[in-house]
Structure formats: structure tokens, C-alpha cells
Amino acid sequence: MNTYQDYLNEIEERKKQGLHPKPIDGAELLSEIITQIKDVNNPNRKESLHFFIYNTLPGTTSAAGVKAKFLKEIILGEATVEEITPDFAFEQLSNMKGGPSIEVLLDLALGNGETISKEACKVLKTQVFLYEADTERLEDAMKAGNAIAKEIIESYAQAEFFTKLPEVDEEIEVVTYIAGIGDISTDLLSPGADAHSRSDRELHGQSIFEHNKEMQQEVLALKEQHPDKRIMLIAEKGTMGVGSSRMSGVNNVALWTGVSSSPYVPFINIAPVIAGTNGIAPIFLTTVGVTGGIGIDLKNWVKQKDENGKTVVDQDGEPVLEEVYSVRTGTVLTINTKEKKLYNGKYELKDISAALTPQKMEFIKAGGSYAVVFGKKLQTFACKVLGIDVPQVYAPSKEISIEGQGLTAVEKIFNKNAVGTTPGKTLHTGSNVRVEVNIVGSQDTTGLMTSQELEMMAATIISPIVDAGYQSGCHTASVWDDKSKANIPRLMKFMNDFGLITGRDPKGKYHAMTDVIHKVLNDIAVDDWDEIIGGDSHTRMAKGVAFGADSGTVALALATGEATMPIPQSVKVTFKGNMVPYMDFRDVVHATQQQMLDQFEGENVFQGKIIEVHIGTLTSDQAFTFTDWTAEMKAKASICISEDETLIESLEISRDRIQIMIDKGMDNEKQVLQGLIDKANNRIAELQSGSRPALKPDADAKYYAEVVIDLDKIVEPMIADPDVNNEDVSKRYTHDNIQPLSFYEGTKKVDLGFVGSCMIHKGDMKILAQMLKNIEAQYGEVKFNAPLVVAPPTYNIVDELKAEGDWDVLAKYSGFVFDDNAPKGTARTKYENVLYLERPGCNLCMGNQEKAEPGDTVMATSTRLFQGRVVRDKDGKKGESLLSSTPVVVLSTILGRTPTLEEYQAAVDGIVLTKFKPSQKQLVMS
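We now turn to the structure provided with this report. Quantities reported herein were computed from a predicted structural model and do not represent experimental measurements.

### Some thoughts on helix 25 (residues 644–663)
Helix length check: helix 25, at 20 residues, gives a terminal C-alpha distance of 29 Å against a target of 28 Å (1.5 Å per residue), a fit within 8%. Restricting attention to buried positions, one finds in helix 25 the residues Asp-644, Thr-646, Leu-647, Ile-648, Ser-650, Leu-651, Ser-654, Arg-657, Ile-658, Met-661 and Ile-662. A positive backbone phi angle near 95° is found at Gly-665, which sits one or two residues after helix 25.

In C-alpha cells form, the structure reads like this:
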């Protein structure tokens with residue numbers, strides 16, 4: 001936005017969409033507004049005052065710098081504005097959350113008259129978003145004898161910025177709203193197709209419930225009927241927030257049902273209340289904590305038991321559920337935060353202490369987790385300067401240590417990376433731990449929100465303790481449209497300046513890389529003891545332990561180099577038997593989910609846990625297929641236990657790919673990528689010498705459950721089916737319905753195939769090339785009876801395929817090959833029965849740019865089968881996305897239907913689909 005008139009023009013355009021003026025983040029516009037405020041006769045003065053006070057973004061935006069400077073002038077009497085008194089100017093500064101406002105407050109506190117200094121001191125005592133430059137300035141002033149500086153530091157030592165906040169209400173009344181039956185994906189709350197608008201909170205808010213105006217009006221009606229209560233969004237008979245972490249989903253829920261974070265910052269609401277019969281998806285629950293919200297596991301439907309305690313099943317073998325208590329829309333309930341129980345009137349429904357732990361209560365009190373994280377760091381700083389022990393203000397970190405019990409793999413990683421814990425104490429599952437983070441990833445449809453969060457917390461540079469940060473361009477790779485052109489270069493510049501390696505070079509010196517972020521993170525994670533945080537639920541590396549996170553937690557990790565979380569419980573997965581030669585490793589992944597559910601009577605023991613998979617012999621490229629899918633298993637994360645030789649091979653692959661990134665010119669002045677190569681070489685040397693073997697759990701570690709997968713039972717390809725016509729709506733669109741290929745009897749019509757997303761690797765592309773050659777040899781030609789869209793995960797893979805000759809094979813059979821010199825400017829809406837070789841990136845899997853045609857049946861290698869994600873419904877026919885291996889997808893498009901087992905076996909004859917076999921080595925520490 002360049003001028004005030006441009007801003008007014010934009011306001012008029014937004015009015016047509018029912019929107020308010022967009023919050024101001026630019027210095028040029030705000031400077032013009034201030035000029036108009038100073039001119040008492042200016043016709044725009046009144047609305048300029050309103051924009052200045054109520055519509056300017058805080059933190060480190062350039063507008064915040066201009067605003068803070070002008071407020072300082074008012075406080076010092078250098079400027080006079082009748083409507084903004086010095087006291088009101090201080091109040092404005094107190095709501096600006098760090099950055100320029102802290103600099104101004106320190107100027108006023110440390111270098112002015114007594115009255116102004118005391119007022120600035122009073123405000124500074126309430127602030128937590130201070131960085132090294134701010135705290136060093138305070139420390140220097142105190143050592144120089146400044147009494148105000150000492151007073152502020154003493155206040156920080158006692159954490160008065162937290163202790164003097166109002167206590168959490170003992171009773172919070174809520175009125176229920178059932179947002180859906182069964183699992184609710186974050187797509188319902190923040191649709192992927194609206195990803196471009198996520199940083200415009202009010203505009204994006206219109207997309208909640210996938211733009212369902214009727215549902216939106218129902219929520220508004222409940223708010224009007226119950227103005228003194230909060231709305232609690234519920235997933236009835238399901239889990240809330242499955243799929244992505246989506247800070248934008250929580251932002252939307254908070255915008256419609258939460259409370260304002262500040263009277264001077266528009267459209268930023270906090271404290272939503274959400275619930276699910278089967279709780280909240282793990283990473284989505286973390287996002288709720290970021291905003292000081294409450295997430296409740298209702299358990300209001302339970303499996304019916306017979307007199308012998310066995311689960312009662314229906315004619316389809318599904319457990320029969322019975323309702324324990326009702327939460328139908330409009331029910332008024334009470335959350336008692338003191339008793340930690342949920343009530344309907346005086347009737348106690350459920351203990352909800354897991355939703356109201358001491359740490360979560362602190363998040364609620366502080367208005368979100370950021371303030372607590374920064375508050376603890378600030379208190380530690382102050383106590384160190386004063387030379388005193390840290391007073392116990394915050395709830396003590398829970399430290400659980402069990403004498404004589406070994407450690408799981410995740411417990412070992414957390415113990416290695418923990419900070420601030422009792423020295424020498426070994427921590428087990430359930431401990432709440434601050435850990436240093438090695439790798440942080442940001443993706444492009446959430447990156448703009450991450451950049452906003454960094455501005456809001458006044459961060460300007462990546463933490464020096466982070467080995468590497470990466471910003472991708474994969475989610476917007478398939479279509480370089482006007483929205484992408486407007487958003488992505490701006491994002492890349494911000495992140496590049498912040499210190500991340502970026503997929504696009506703001507200076508244009510290296511080729512734009514649209515590589516799938518998970519694949520890049522899988523390559524740049526170069527130690528099996530690493531902690532990784534990434535802005536996507538599929539941040540699940542095959543080396544180290546990786547946690548998908550919301551955009552805010554990513555921002556926090558980038559700014560501080562830390563994350564805080566409980567050490568999760570683990571489920572151990574091992575394998576026995578042997579694979580038949582025509583099976584793909586993707587079939588092992590699906591069979592793991594199926595066999596786990598069979599072993600535990602339909603209970604998903606993976607949900608919210610770490611899956612410790614004893615993969616043994618697969619390199620991280622292929623093993624990632626397993627770890628990636630664990631998001632759909634509803635696991636919190638996963639860890640691969642590898643043989644030493646396999647880990648060495650994986651690290652060598654990573655090292656070589658990082659070198660290619662360097663050769664392309666992607667390293668920065670701090671030589672972050674070279675540092676990763678050095679780290680990889682060091683780890684390889686340790687493994688070769690035996691000085692530090694590959695990560696393994698202890699033999700006497702304790703697990704929540706142990707699952708043994710019988711490979712001998714996997715005799716045909718396995719397909720995850722959304723079961724779109726199941727009479728029980730709660731059973732639709734889950735990833736638990738795994739069917740064998742023969743279930744479809746070779747007759748199910750397939751309208752489109754997709755080979756792509758993070759679930760495939762270089763081997764899949766080679767399998768595709770070999771299958772096309774096989775089919776031509778069998779039939780004399782390759783003819784597609786359905787379109788096949790192929791999107792390689794990374795440019796590195798494309799380059800390797802070109803060098804090995806496979807890319808020429810694929811291009812030979814293609815009707816479209818991507819051209820980076822002329823990228824698509826509009827999304828494809830119609831498909832011909834040809835092979836499309838698309839630009840590396842997420843493509844159809846994301847669903848935000850291109851989709852299948854409405855009502856299509858899609859066979860895909862991707863991860864998400866949620867309604868509307870890859871394909872929308874149309875009148876009379878539901879769109880459905882079936883998920884399977886690359887060979888099944890390819891053959892389905894050749895035939896235009898699901899193949900029979902015999903057709904499938906013929907098509908893959910002679911192709912090595914996977915070399916996976918259970919390890920014969922000891923993968924535990926005795």
C-alpha cells in the first residue's frame with residue numbers, strides 16, 4: 001500500500017466483500033496517516049486517528065516502528081494530539097508487543113524525567129517480548145547505577161508480568177456447537193483452497209466451515225442467545241483437528257468464538273474452546289495452546305460391552321457405541337478450572353484435568369504459550385543478573401524419573417536436547433521438557449502467518465542455536481498465479497533476511513526451488529538425535545524426531561531455538577515374516593495401520609503417541625514413506641530405528657544433496673548448509689568408528705503398546721478408502737478403512753491418478769518409468785484410460801532421473817511436461833487422458849490450487865483423503881480419493897479402473913518395488 005488514497009480504495013473494495021479495513025503494516029501509509037493527524041484541519045483526520053489507534057499491527061512491522069516513534073513524541077511533548085494523551089500513548093505502547101515499542105519504552109525509562117521514567121517503568125514491567133539487545137541495555141544501565149533499570153530487573157526476577165495478571169475464571173460457561181460428525185479435519189476450519197488468504201485474518205475467517213454460511217449463522221445465533229458464554233466447537237463421535245496443525249484453523253475458530261487479544265489490534269482473537277469425542281489431534285492441540293485455548297477430550301460416546309466385558313460389534317464388525325452424555329448443539333456446560341471437571345448444571349460429566357494441567361492453565365492466564373516461554377527466559381535472565389535463584393513462580397516442569405527403567409528412543413533424544421532440567425536426572429515419559437531444536441521448517445501457505453508471528457513477538461533474526469531453517473515454496477508450486485506472485489516473493493525475502501535458507505532467492509541468483517518441504521527437511525536432518533520442528537503435520541523425518549507444528553510454534557522455534565512439550569509415550573512397531581516380491585513398501589505402511597487396529601479391537605493405540613518403528617534396513621528416502629503416513633495414523637511423531645550401515649548410507653545421500661544445494665548457490669553468509677555437511681561427516685565418522693552407534697532404545701524401555709506386523713499376511717496391495725457412502729457418517733473420511741485390492745474386484749472406475757506428494761521418493765519415479773516400458777512391451781503401446789498427474793517431490797530427484805535416463809522415458813509418454821520458463825498461471829480444471837509431468841511440489845495433494853474434477857474417483861499416492869481436499873463432490877456423485885502405492889495408481893489410470901491382482905502382478909513383473917525385510921540385527925541397547 002503506497003498512499004492513503006490507495007488504502008481508501010482498498011477499503012471500498014473490501015466493503016463489497018463485507019470486510020473491514022485491512023490492518024496497517026507499512027511505514028509509508030502510517031507516516032501519511034500521522035501527517036493527517038497532525039493537521040487539525042485535515043478532512044481525513046478523524047478516520048486517520050482511528051486507523052492509527054485501532055488498526056495498526058504491532059511487533060516489528062515497519063508501521064509499528066513509525067507508531068512507536070510518534071507515541072514517544074507525544075509522551076515527551078514534542079507533538080500534541082488532543083485525543084492521545086501521554087497516558088493513552090503509554091497504554092498504546094503497552095499493547096505493541098515488543099520490538100520498536102520496547103526500544104521506545106527503554107528510552108523513556110532510562111533517559112528522561114522522573115515522571116516519564118516511572119510511567120515507562122510501570123509499562124515495561126508488564127512486557128515479556130524482550131530480546132538480547134533489550135536485556136543487555138537494562139543490565140548495562142543497572143550496572144551503571146540506574147535505579148529504574150534495577151527496579152525493572154527485580155520485577156522480572158519475580159515474574160510480575162505474569163503474577164499480576166488476572167487469575168483464570170473458576171467457572172467458564174460454554175454453549176456447544178457440533179461442527180461435524182466423525183473426525184473433523186482442519187480443512188473444515190481453514191480450507192486449503194483458501195490458503196492464499198490466511199495472513200488476512202478477517203478475509204480468511206469467511207472460509208470457516210468451508211464457506212458454509214448456514215453453519216456460520218448458527219454460530220452467530222448461539223452467540224446472540226448466549227452473550228455471556230463461549231462457544232465450544234465439537235467433533236461428535238470423532239477427533240477434532242485431524243490432518244494439518246493449521247494455526248489458521250485455530251485463528252478462525254477464535255475469530256468466531258474467542259475473545260479479543262487487545263482492543264487496539266483487530267481480528268486477533270484468542271482462547272477458543274474446542275472438543276471431540278475422541279479428543280483433539282496432537283498437533284492441533286498444541287496450536288490451541290498457542291492461543292491460550294482449551295481442548296477437551298469428551299469421551300461422550302464409548303464402546304458398548306457385553307456381560308463378559310467384550311466389545312459389542314454390529315453386522316459389519318464395527319464396535320457399537322453408546323452415548324454417555326449429550327453435547328448436542330445448544331447445550332450449556334460449565335468448565336470448572338479449579339476442580340478441573342466438566343459439568344452440565346450440577347451434574348458432573350467428566351474429569352478434564354488433562355485439558356487443564358498447570359502448564360496449560362498458565363497458557364490460559366497469559367493469553368497463550370508465547371508469553372509463558374518468553375516470560376520464563378526473561379525471569380531467568382533477571383535472576384542471573386541479580387545473582388539470585390529463580391523464584392518458583394511458574395508451575396515446575398514435571399520431571400518423571402523411574403529407577404531401573406530403560407529409555408525409549410524418544411526419551412533418549414529428549415534427554416540429550418533438554419535444557420533447564422535437574423542436572424544428572426534421567427527423564428521418562430510424561431516429563432515436561434524444554435528442548436533445543438536443530439532444524440526448523442516453514443512452508444509457504446503458513447509461512448506468511450509465521451512471518452507475522454515473528455513480527456508480533458518482535459524477533460528479527462533466527463536463533464543462533466538452530467542448525468538450519470528452511471522456507472519452502474512447495475504448496476504453491478503447481479500454479480504461479482497472481483496470488484502467489486503477490487505473496488511468495490515477499491515471504492521469501494522476509495525469511496531470507498531472517499536467516500533461513502529459502503526455496504526462492506529474493507535476489508534471483510539461483511533457480512527457484514519448489515521442492516516438497518518434508519523431503520528437504522528429511523535431507524537436511526543429518527543426525528539421528530536431532531529435534532526438528534516444521535510448519536506442517538507431515539514434518540516426520542526418518543532421522544531424529546520431528547514434530548509438525550502450527551505457524552506460531554514454528555516462529556517460536558525460529559526465534560528462541562527451543563520448543564516445550566511433554567515427552568510422549570511410545571508404541572514400538574517391529575516386523576516379522578517376509579514380503580512377497582510384488583508388494584510395495586506403501587502396502588506395509590497401510591497394513592501396519594490395519595493390523596494394529598485388528599490387534600487392539602479397533603482402538604488406535606498410535607493416537608497421540610510416538611511410533612518407534614524398527615525399520616532397520618531401509619534408507620531414510622524410503623523409510624520416510626512410513627514416518628510420513630504416521631500423521632494419518634494420528635500419531636504425534638515417529639522415530640526410525642536403523643542399522644548403523646543403513647544410517648551411514650542415509651547420511652551420505654543427505655550430504656550429497658545438501659552439496660547440490662550449495663552448488664546451486666543456496667547457502668547464506670553464515671554457511672549454514674556447509675555446517676550441515678560438516679555435521680553429517682562427523683556423524684558418519686562416529687558410526688564408522690563405533691564411538692557413537694545409531695540411536696537405539698534400551699532393551700528394558702517401557703512402551704504404551706507393542707505392535708508386531710506380520711509381512712506374510714500382506715499378499716495384495718492395500719488401499720486407504722474414504723468409504724464415502726458409509727451409512728454411519730462418523731466412519732467416512734477416516735484413514736482407518738484399509739481394503740485389499742481384491743475388494744474392488746477389478747471393476748471400480750478410476751477417473752484420475754496422482755503420483756506425487758511427500759509420500760513418494762526417487763524409487764517411485766523409477767518404478768513408474770519401468771512400468772510404462774513393461775506395459776508398452778506387453779500391449780505394444782501405452783494408452784491412458786484416465787489422466788495421470790505426476791509431480792516429483794524435488795528438483796534433485798528430477799536431475800538424478802535425467803542423469804540416469806528415466807526422465808526421458810517419462811517425457812516420451814507424457815502429454816504435458818512442466819516448463820519453469822513458462823509456469824502455469826491458472827489452475828487446470830479439465831484433464832485429458834494423458835500423463836502430466838508437473839513441476840516438483842505438492843500439487844493435487846494440497847488442494848489449494850489444482851484439484852481433480854468434481855465427483856471424480858481419484859487414485860493417489862498422497863496422504864489426505866478428506867472430503868473436498870483433492871476432489872469436491874458434485875450433484876449425485878461424491879468425490880473420493882483412494883490412497884495407494886505408485887504401481888496401483890499407474891495401472892489404474894492405464895485401465896481406467898482398479899486392476900485385478902493378476903493384472904497388477906503382470907504390470908510389476910521384474911520390478912524391484914522395495915528391498916525391505918526385517919532386520920536380523922539387534923536394534924536395542926542391551
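### What to know about the environment of Phe-381
Mapping Phe-381 onto the fold places it in helix 17 (residues 369–386). Look at Phe-381 and you get buried, because its relative accessible area is 15%. Each C-alpha atom of the pair Phe-381 and Tyr-156 lies 8.4 Å from the other, and the pair is 225 residues apart in sequence. Each residue touching Phe-381, except ones within four places of it in the same chain, is listed here: Thr-135, Glu-139 and Ile-153.

### Considerations on the pattern of salt bridges
The tally for this structure, following the rule as stated, stands at 55 salt bridges. Lys-72 is the salt-bridge partner of Asp-107, the closest N and O atoms lying 3.0 Å from each other. Of this pair, Asp-107 sits in helix 6 (residues 100–110) while Lys-72 is found in helix 4 (residues 62–75), placing the two residues 35 residues apart along the sequence. Ionic pairing is found between Asp-530 and Lys-679, a salt bridge with its closest N-O pair at 2.8 Å. You can see Asp-530 sitting in the loop between helix 21 (517–524) and strand 19 (531–534) and its partner Lys-679 sitting in helix 26 (residues 672–689), a full 149 residues away along the chain. Here the two residues Asp-530 and Lys-679 agree in accessibility, since each one is buried. Connected via shared salt-bridge partners are Asp-523, Asp-621, Arg-657, Lys-762, Lys-766, Glu-800, Glu-804 and Asp-806.

### Re the pairing of strand 22 (residues 570–576)
Side-chain positions along a regular strand alternate between the two faces of the sheet. The element strand 22 is extensively covered by neighbouring structure, given that five of its seven residues are classed as buried. Looking at chain direction, strand 22 and strand 23 (residues 610–616) are connected through four bridges and run parallel. Directly across from Ser-570, in strand 23, lies its bridge partner Ile-610. As paired strands, strand 22 and strand 25 (residues 705–710) are joined by six bridges and run parallel to one another. Of the residues in strand 25, the one forming a bridge with Val-571 is Ala-705.

### Things to note about the layout of surface pockets
Each pocket or cavity is described by its volume, and for the second largest pocket that value is around 1,400 Å³. Forming the boundary of the second largest pocket are 48 residues, of which Leu-165, Ser-261, Ile-270, Ala-366 and Gly-367 lie nearest the centre. Counting only elements with at least two residues in the lining of the second largest pocket, the list comes to helix 7 (114–124), helix 10 (160–163), helix 14 (247–257), strand 5 (259–260), strand 6 (269–270), helix 16 (358–366), helix 17 and helix 19 (444–456). Here the residues of the lining of the second largest pocket are counted per class, giving 23 nonpolar, 14 polar and eleven charged.

Conventions used here
- Residues numbered from 1 in each chain as written.
- Predicted model: local features only at pLDDT ≥ 70, side-chain atom pairs only at ≥ 80, totals over all residues.
- Heavy atoms only, no water.
- Helix = DSSP H or I, 4+ residues; strand = E, 2+ residues; numbered from the N terminus.
- Expected span 1.5 Å × (residues − 1).
- Buried < 20%, exposed > 50% of the residue type's maximum accessible area, 1.4 Å probe, protein only.
- Contact = heavy atoms within 4.5 Å.
- Salt bridge = Lys/Arg side-chain N within 4 Å of Asp/Glu carboxyl O.
- Pairing = 2+ DSSP bridges.
- 1 Å grid on protein atoms, 1.4 Å probe; cavity = no way out; pocket = protein on both sides within 12 Å on 5 of 7 lines; lining within 4 Å.
- Points joined across faces, edges and corners; volume = space filled by probe spheres on them.
- Nonpolar A, V, L, I, M, F, W, Y, C, P; charged D, E, K, R; others polar.

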